[in-house]
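# Structural overview for review
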Amino acid sequence: MQRGILEGFYGPPWSWDDRVVVMERCIPAGWPWYVWAPKDDPVHREQWRAPFPAEHLAGFARLAALPGLRLGVGVSPGLTIDTDSAADRQALASKVASAVDAGAELVMVALDDIPAGPDAGARHGDLVAGLAALLPDDVTIVVVPTDYTGVSGT
């Protein structure tokens, strides 16, 4: 079982100092994972195509340097990504590669809170499979699907 903190909520994102303080308490308690994915940070969702700013990359590296911490970074491209676009696929790959270079061991592709649309599962699966082929084998990929609750077919 893996335990940790997913900063994946709507509302003001935590500061980098707050993230460190939280994880300095969680790691000794057996909760070593921290996944950065604040919905209201524009570079996570609305500006997903933009490279991570230097401040974010430095923050990821700072967290990854904490003894025992396992870092994950999420990107939520679903609102505007064209899954058939080579440029969009490259933008996503470049963005997550920079987070991996800063110390992320896990990449989360968040495709939640978006309209499903026709063939969404197949398009999203193809997108994530293409991304996985570009990342090192030791990087874990997690997907938050568009539909993640309920029991009816979609």
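Refer to the structure printed above.
This text gives an overview of the structure that appears in the document. On a predicted model such as this, the values are computed, not experimentally measured, just so you know. (Residues numbered from 1 in each chain as written. Predicted model: local features only at pLDDT ≥ 70, side-chain atom pairs only at ≥ 80, totals over all residues. Heavy atoms only, no water.)

## Digging into the packing of helix α3 (residues 86–101) against helix α4 (residues 120–134)
Pairs of packed helices are described in terms of their axes, by the angle between the two and the distance that separates them. The geometry of α3 relative to α4 is characterised by a closest axis approach of 10 Å and an angle of 50° between their N-to-C directions. On the basis of the axis angle, α3 is oblique to α4. For α3 against α4, the interelement crossing comes out right-handed. Along its contact with α3, which presents Arg89, Leu92, Ala93 and Val96, the element α4 presents Asp126, Leu127, Gly130, Leu131 and Leu134. When grouped by side-chain class, the residues that make up the contact of α3 with α4 number six nonpolar, one polar and two charged. (Axes fitted to C-alpha atoms, helices over the stretch in contact; angles between N-to-C directions. Helix = DSSP H or I, 4+ residues; strand = E, 2+ residues; numbered from the N terminus. Parallel < 35°, antiparallel > 145°, perpendicular 65-115°, else oblique. Left-handed = near helix turned anticlockwise from the far one by under 90°. Contact = heavy atoms within 4.5 Å. Nonpolar A, V, L, I, M, F, W, Y, C, P; charged D, E, K, R; others polar.)

## Here we look at the environment of Val100
Following the sequence through the fold, Val100 ends up in helix α3. On the basis of relative accessible area, Val100 is assigned to the buried category, the value being 16%. Along the chain, Val100 and Trp48 lie 52 residues apart, while their C-alpha atoms are 16 Å from each other. Residues within four places of Val100 in sequence aside, it is in contact with Val107, Leu135, Pro136 and Val139. (Buried < 20%, exposed > 50% of the residue type's maximum accessible area, 1.4 Å probe, protein only.)

## Observations regarding the environment of Gly121
With respect to the element layout, Gly121 can be found in helix α4. Among the residues examined, Gly121 registers a relative accessible area of 58% and is labelled exposed. For Gly121 and Thr146, which are 25 residues apart along the polypeptide, the C-alpha to C-alpha distance reads 8.2 Å.

## Describing the packing of aromatic side chains
Tallying each qualifying case throughout the model produces five aromatic pairs. Relative to Phe60, the ring of Trp16 has its centre 5.6 Å away and its plane inclined at 80°; by these criteria the two rings are edge-to-face. Pair noted here: Trp16 is in helix α1 (residues 16–26) and Phe60 is in helix α2 (residues 54–64), with a separation of 44 residues, a long-range link. Accessibility classification places Trp16 together with Phe60 in one group, the buried group. Here Phe52 and Phe60 contribute two aromatic rings whose centre-to-centre distance is 5.1 Å and whose plane-to-plane angle is 90°, an arrangement assigned as edge-to-face. (Phe/Tyr/Trp six-rings, centres within 6.5 Å; stacked < 30°, edge-to-face > 60°.)

## Notes on the pattern of salt bridges
Summed over the entire model, instances satisfying the criterion amount to five salt bridges. In this structure, the salt-bridge partner of Arg62 is Asp17, at a minimum N-O distance of 2.8 Å. Placement of Arg62 in helix α2 and of Asp17 in helix α1 is noted, with a sequence separation of 45 residues between them. Assessed through its relative accessible area of 38%, Arg62 is described here as partly exposed. The exposure class assigned to Asp17 is partly exposed, which follows from its relative accessible area of 47%. One salt bridge in this structure joins Glu105 and Arg70, with 2.7 Å as the shortest N-O distance. Of the two residues, Glu105 is situated in the loop between α3 and β4 (106–110) and Arg70 in strand β3 (residues 70–75); the sequence distance between them amounts to 35 residues. Residue class for Glu105 comes out partly exposed when judged on its relative accessible area of 25%. (Salt bridge = Lys/Arg side-chain N within 4 Å of Asp/Glu carboxyl O.)

Geometric descriptors of this kind do not, in isolation, establish any biological role.
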